[in-house]
Amino acid sequence: MNQLARRIGDASARRPWVTIGAWLMGIIVVLATAGSIGGAFVDDMTAPGSQSARANQLLADRFPDAAGGSAMAVFAAEDGQPLVAHREVIADALQRIRAVDHVVAVSDPFVDGTVSDDGRIGFATITFDTPSVDLGPAPLAALDAAVGPARSADLAAELGGDAIFINAETETSGAEAIGLVAALVILVIAFGTVVAALVPIALALTAVAAGLGGITLLAAVMDTSTSAPTIGAMIGLGVGIDYALFVVARYREHRTAGLPNEQALSLAMGSSGSAVVFAGGTVVVAMAALVLTGLGFLGSIGLATSLVVLFAVASALTLLPAILTLLGDRIDAGRLIGRGRAPVPSEDTRWWRFAHRVSGRPWPWLLAATALLVLFAAPAIRMETGFPDAGDDSVETTHRRAHDLLAEGFGPGSNAPLLLVLDLVDTGLAVEDVPAIVAAVRADPGVVMVGQPVTAPGGDAVVVPVVPATDAADPATSATLQRVRAVAPDGLYVAGLTAMTDDLTTQLTDTLPVFVAAILAASFLLLMVVFRSVAVPLKAAVMNLLSIGGAYGVVVAVFQWGWFGGLFGLDGTYLIASPMPTIFFAVLFGLSMDYEVFLLSRIREEYAVTGDNAESVARGMAGTGRVITSAALIMMAVFGSFVGNTSPLVKMMGLGLSTAIVLDATIVRMVVVPATMALMGRANWWLPGWLDRLLPHVDLDHEVASAPAVPVIDVTTRPRSLEEIS
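The rules behind each value
- Residues numbered from 1 in each chain as written.
- Predicted model: local features only at pLDDT ≥ 70, side-chain atom pairs only at ≥ 80, totals over all residues.
- Heavy atoms only, no water.
- Helix = DSSP H or I, 4+ residues; strand = E, 2+ residues; numbered from the N terminus.
- Buried < 20%, exposed > 50% of the residue type's maximum accessible area, 1.4 Å probe, protein only.
- Contact = heavy atoms within 4.5 Å.
- Areas by Shrake-Rupley, 256 points an atom, 1.4 Å probe, with all protein chains shown as cover.
- Lys, Arg positive; Asp, Glu negative; His and termini not counted.
- Charge placed at Lys NZ, Arg CZ, Asp CG, Glu CD.
- Pairing = 2+ DSSP bridges.
- Axes fitted to C-alpha atoms, helices over the stretch in contact; angles between N-to-C directions.
- Parallel < 35°, antiparallel > 145°, perpendicular 65-115°, else oblique.
- Left-handed = near helix turned anticlockwise from the far one by under 90°.
- Nonpolar A, V, L, I, M, F, W, Y, C, P; charged D, E, K, R; others polar.
- Salt bridge = Lys/Arg side-chain N within 4 Å of Asp/Glu carboxyl O.
- Phe/Tyr/Trp six-rings, centres within 6.5 Å; stacked < 30°, edge-to-face > 60°.

*Asks:* What is the right way to look at the overall build of the chain in this model?
*Replies:* If you tally the helices and strands in the chain, you get 26 helices and 11 strands. Principal axes of the C-alpha set define a box for the chain whose edges measure 95 × 50 × 45 Å. Looking at the chain as a whole, 57% of its 726 residues qualify as buried. Considering only contacts in the chain between residues 6 or more positions apart, those separated by 24 or more positions represent 81%. Here the chain has roughly 27,600 Å² of accessible surface; of this, 63% comes from carbon and sulfur atoms. In the chain, 40 positive and 65 negative side-chain charges are present, and the distance between their average locations comes to 16 Å.

*Asks:* Would you explain the sheet that holds strand S3 (residues 121–128) in this entry?
*Replies:* Think of a sheet as strands paired side by side through backbone hydrogen bonds, with each pair either parallel or antiparallel. Read from one edge of the open sheet, four strands run S2-S3-S1-S4, paired in antiparallel fashion. Taken across any chain shown, the strands that pair with only one partner, and hence form the sheet edges, are strand S2 (103–106) and strand S4 (155–160). Across the sheet, the mean angle separating the axes of adjacent strands is 20° when strand polarity is ignored. As paired elements, strand S1 (residues 70–77) and S3 share seven bridges and run antiparallel to each other. Directly across from alanine 76, in S3, lies its bridge partner isoleucine 121.

*Asks:* Teacher, can you tell me more about unusual backbone geometry here?
*Replies:* Glycine aside, a negative phi is what most residues show, and trans is what most peptide bonds show. Here arginine 532, not a glycine, exhibits a phi torsion of approximately 50°, which is positive. Within the secondary structure, arginine 532 sits in the loop between helix H19 (497–531) and helix H20 (535–560). Of the residues examined, arginine 532 reaches a relative accessible area of 11% and is grouped as buried.

*Asks:* Is there a simple way to explain the packing of helix H12 (residues 261–288) against helix H21 (residues 579–610) in this structure?
*Replies:* How two helices pack is summed up by the angle between their axes together with the distance between the axes. At their nearest, the axes of H12 and H21 sit 8 Å apart, and the two run at 160° to each other. Between H12 and H21, the angle falls in the class roughly antiparallel. Crossing geometry of H12 relative to H21 is assigned as right-handed. Across the interface between the two elements, Ser272, Ala275, Val276, Phe278, Ala279, Gly280, Thr282, Val283, Ala286 and Met287 from H12 touch Ala586, Val587, Gly590, Leu591, Met593, Asp594, Val597, Phe598 and Ser601 from H21. Here the residues of the contact of H12 with H21 sort into 13 nonpolar, five polar and one charged.

*Asks:* Sorry, what's going on with the pattern of salt bridges here?
*Replies:* Charged atoms that come close allow side chains of opposite charge to pair. Per the counting criterion, the structure on display carries 19 salt bridges. Measuring nitrogen to oxygen at the nearest pair gives 2.7 Å for the salt bridge that ties arginine 255 to aspartate 329. One end of the pair, arginine 255, is in helix H11 (residues 228–256); the other, aspartate 329, is in the loop between helix H13 (296–327) and helix H14 (350–360), with 74 residues separating them in the sequence. Look at arginine 255 and you get buried, because its relative accessible area is 9%. The salt bridge partner of aspartate 692 is arginine 532, with a shortest N-O separation of 2.7 Å. Of this pair, aspartate 692 sits in helix H24 (residues 689–694) while arginine 532 is found in the loop between H19 and H20, placing the two residues 160 residues apart along the sequence. A relative accessible area of 27% places aspartate 692 in the partly exposed class. Several salt bridges share partner residues, and in doing so they unite Arg250, Glu253, Arg602, Glu605, Glu606, Glu615 and Arg619 into one network.

*Asks:* In this structure, what is going on with the packing of aromatic side chains? I would like to understand it.
*Replies:* Think of a pair of aromatic rings as described by two things: how far the centres are apart, and how the planes are tilted against each other in angle. Tallied over the entire structure, the rule returns 10 aromatic pairs. Aromatic side chains phenylalanine 246 and phenylalanine 598 sit 3.7 Å apart centroid to centroid with 20° between the ring planes, which places their arrangement in the stacked category. One end of the pair, phenylalanine 246, is in helix H11; the other, phenylalanine 598, is in helix H21, with 352 residues separating them in the sequence. You can call phenylalanine 246 buried: its relative accessible area is 5%. Cluster of aromatic residues (ring-pair linked, three or more members): Phe515, Phe585 and Phe589.

So, in structure tokens, the structure goes:
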């Protein structure tokens, strides 16, 4: 791998303008193609093989009119006025709604009696010719424009229901730009020069632009989640900046040691470049493993994010060497920090001294660090998951306002409708059995309304609407659903978004252990191949689990328990979204392995030179401590900026990711790594001979055999000659 990364970097550096031109042309082609044939983003909310999936299939096959998506236009008169006073305005809005593409029917609240008891709130049911998950955002934008003229100081007009919630696009807050500015400041402090700081930012933006174009093309060939671009951009910015940072830092380190630019770049690509390939590969494997959950929207998020990460790795291997070649000595232009600073030997850095302090008394440090991580992770034991509904979104969204109006006028269960679907073919059920089934469902204490049964045109299916007493996100609704399914005979299935999301939560809970085991096994094998050790991958897995557990705990404390909720702009408490633990694990395990790879590859490199375990750990931390800390701060800034998003779910993602990065880069890398490696001694690098012969050889530290050892120095120091070093 070392030679491969080095050859790719050397080839790009020899033809910098060709490389840059190829990237520019490639991005133009990708974005232009995405704009012309790219698909729309939709969320496939189906859990394969579940009751709700079978119900939806029955609806599509035998009752197509009921299989189409639905939404609601909710109207509310202000200041105690009766809704009927606005009947003409509402009628005009309904007429405009009927003209929207895919709308096949619109009810009238005054004709159908869907007006609240106090006469102030009413809703019109909108029926589409396409299932909710296939609609996309375009018809919803047209619906919003249709009800827009009805909005006034005296009348509220909002859009709600399954189709609106599923296809709503997450609004950006603009805070993401703050994350980029913070990243630039951190890079300036780390490198001391403006030019060196701008290079990683430019690389990351390039990778994200190409990746988002690729995600749009992916949406043309498969159902791709509406969350995929947001998560892909979030991860792409973080890893794109970090990967370029690691290479640029090593390149400048070699230049500072007096090596010519060409040789410095070649060596940097051979060491940090190969580590980038491996680190990026672990992120890709972790994210692609989301396919193992069997859920379409999660699998699409994993594949989309993997695509962006691949672009980040490719840009670091090809575009970055080309840019560095053209910049030459100008990489140190615009120095703002460290002017005239004397070089600092590795043995005099705080990282070197701290590593020796920890390794000198490993047990107290290890126990204290572990206790702190366990303390952070403790709330995760009480984690309660559930699928988010419209009531969990920002009040700035129309579907959240519609949700609240419906709950006010018709009760919380109006936002969680269920649909019983009876299969009358080869099940032993007949139309005569429907009254008894309806009576059993109506007797459930969690049900407030059972509608009139409707028979399919072919007489082979019956649908019955049911309204529970509680909201979709309320655990009591899930309990009601389970009781209804328990009393239902074979051949009766429950459909509706509430049933679908409950089945999704169940499948995620069931598949999470398999998913975690697969990622742990794959990462263990990869690390064992690279570092020729059994202890190193085992420690990495345990430490990553601890940092991820700490992130889970913080998210539970803030969102589920409400601790410091006001600080993060939350207006209540929230269940942890069912997909979040799985997505967190994939993202955080991949990213934390980045730091593990860069630190351990440097430690392994030093160990190959010195043979001294404690000294190699100290030198490895001295050589990577400043860079890894800068990389972690950048990740925290990028992820933390998403906490400013208006969506509580995006806030949850941003807080969890930034917390895990902080724990991983501080407690784990600074304390747990040197403490455990000191306790293990030479056993850190033990690998049974028979296993060594079986495993393929992948070299990340070949540089030590092909070039003289380069002293570890501060990346912000001025360049100096070999004579000065000696």
